Amino acid sequence: MFVCLLLFCTELKERFISEISSRSGLIAVRVWTLIELRRNGQRRKLTIAVPMANRYLSVVWRAVCVCLAFSERFSSANLTDRCKILQNTKTSRQHLTPELALHLITEECTIYHQPIDEDFCFAAEPFWGFFWPGGQALTRFILDNKQLFDGKSVLDVGSGCGASSIAALKSGAKHVTANDIDPVALQATLLNTELNVVGAPDSIVGQHCLRLELDQTNQIGTGCDRYDVILLGDLFYDAEIADVLIPWLSRLSRHGKKDIYIGDPGRHGLTETRLRNMIHQARYELPPNVCLENNGFSHASVWKFVEDA
């Protein structure tokens, strides 16, 4: 039903906007939310006025508002990816942040045991289907230290399943960009966001929709001028990528004054030399199932990158 309403809203969106914009004589109304629409790089803001006299109509209008907020993010390809994600994952809370339910590839999933070859159902390896230990530590840290992210603009680089982005949203971040070069990962993030606002008041659902941005560009090496906080979970997986990340993070820390948080279980990319630029924030013991899935890593830590540490 949601998808049908979404497609309906996509088709009628421009007409809807023009009708609402041209009506100046609304009687007995209240503002529900502000929707920001993007088209050709330009932003347009639209205030939705909901008649109070009819409760049923009010509920319908609210559903339309949420669908409009999401419709920019859907295409036929994205809808196909969403269906494939749902078919090949299980909802799991078996991780460091059980307050978050996530669509993950677990041992119960057929895809977990399949080789990644030309017949594999996804074009790229589904890294988004696993909640990696560094990401788990980073997400736990965000949820435990909400004051560090409240009111901030956050960039989650290599967002994967989107757990850290969702934690930042729940911590009161004013804007969160989930960034991953795999478009399927971005749809997984959107599905997981929806999963974690089910049952919430409609105003909360709308706020989560509007504060989350999906970004497929490669942000590594950019100035990240829009952001106060940069998150990186499990990106220091080898020395080669570390040699790219460290100079970039140094520039952001030195010139951009960003708060940069890194989650990692102790991979090869974080050598003693590289850790000199980081201040240890927290260390978490991983659940037994996570240890087994990640080559015996038993703990994961969160570090804050500081140029002059």
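Residues numbered from 1 in each chain as written. Predicted model: local features only at pLDDT ≥ 70, side-chain atom pairs only at ≥ 80, totals over all residues. Heavy atoms only, no water.

Low-pLDDT stretches of the model should not have their predicted coordinates read in fine detail. Confidence in the prediction of the chain, expressed as mean pLDDT, is 79, and 71% of residues score 70 or more. This stretch, residues 1-53, has a pLDDT under 50; its non-local contacts, to residues over four places away or in other chains, come to 93 contacts. (pLDDT = per-residue confidence, 0-100. Contact = heavy atoms within 4.5 Å.)

Once that is clear, we can look at the environment of A188. Looking at the element boundaries, A188 is found in helix α6 (residues 183-195). Taking C-alpha positions, A188 is 9.0 Å from L104, a pair spaced 84 residues apart along the chain. A188 has contacts with I85, W128 and C161, leaving out every residue within four places of it along the chain. (Helix = DSSP H or I, 4+ residues; strand = E, 2+ residues; numbered from the N terminus.)

With that settled, the discussion passes to the layout of surface pockets. In this structure, the largest pocket encloses a volume near 780 Å³. Around the largest pocket, the lining is made up of 33 residues, and of these F127, G158, D180, L235 and Y237 lie nearest the centre. Counting only elements with at least two residues in the lining of the largest pocket, the list comes to α4 (133-144), β5 (153-157) and α5 (163-170). When residues in the lining of the largest pocket are grouped by element, the largest group, three residues, is from α4. Among the residues making up the lining of the largest pocket, the classes are represented as 16 nonpolar, 11 polar and six charged. (1 Å grid on protein atoms, 1.4 Å probe; cavity = no way out; pocket = protein on both sides within 12 Å on 5 of 7 lines; lining within 4 Å. Points joined across faces, edges and corners; volume = space filled by probe spheres on them. Nonpolar A, V, L, I, M, F, W, Y, C, P; charged D, E, K, R; others polar.)

Now for the side chain of H103. Within the fold, H103 resides in strand β4 (residues 102-104). Among all residues touching H103, those that are not within four sequence positions of it are L86, T89, K90, T91, L191, N192 and L195.

Our focus in this paragraph is the nonpolar core. L231 and Y261 are the most contacted members of the largest nonpolar core, which has 33 residues in total. Counting residues per element, the ones that place at least two in this core are β4, α4, α5, β6 (175-179), β8 (229-233), β10 (278-285), α10 (288-293) and β11 (299-305). Filtering out sequence-adjacent residues up to four positions away, L231 remains in contact with L138, I142, F149, V154, L155, D156, V157, S164 and Y261. One finds C224, Y227, I241 and F305 within the second-largest nonpolar core, a separate group that totals 21 residues. (Core = buried A, V, L, I, M, F, W, Y, C linked by side-chain atoms within 4.5 Å. Buried < 20%, exposed > 50% of the residue type's maximum accessible area, 1.4 Å probe, protein only.)

For the rest of this paragraph, the subject is α6. Compared with an ideal rise of 1.5 Å per residue, which puts 13 residues at 18 Å, α6 spans 19 Å between its outermost C-alpha atoms and is within 8% of the ideal. Among all positions in α6, only V184, A185, L186, Q187, A188, T189, L190, L191, N192, T193 and E194 are buried. Two or three places before V184, at the start of α6, stands the capping residue D182, its side-chain oxygen 3.0 Å from that residue's backbone nitrogen. (Expected span 1.5 Å × (residues − 1). Polar contact = N/O pair within 3.5 Å; in protein donor to acceptor, adjacent residues only side chain to side chain.)

This part takes up the pairing of β11. Of all seven residues in β11, five are buried; the element is thus mostly enclosed. Relative to β11, strand β9 (residues 259-264) is paired through five bridges, and the arrangement is antiparallel. Bridged to I260 within β11 is F305. Looking at chain direction, β10 and β11 are connected through seven bridges and run antiparallel. Paired with M278 across the two strands is F305, which belongs to β11. (Pairing = 2+ DSSP bridges.)

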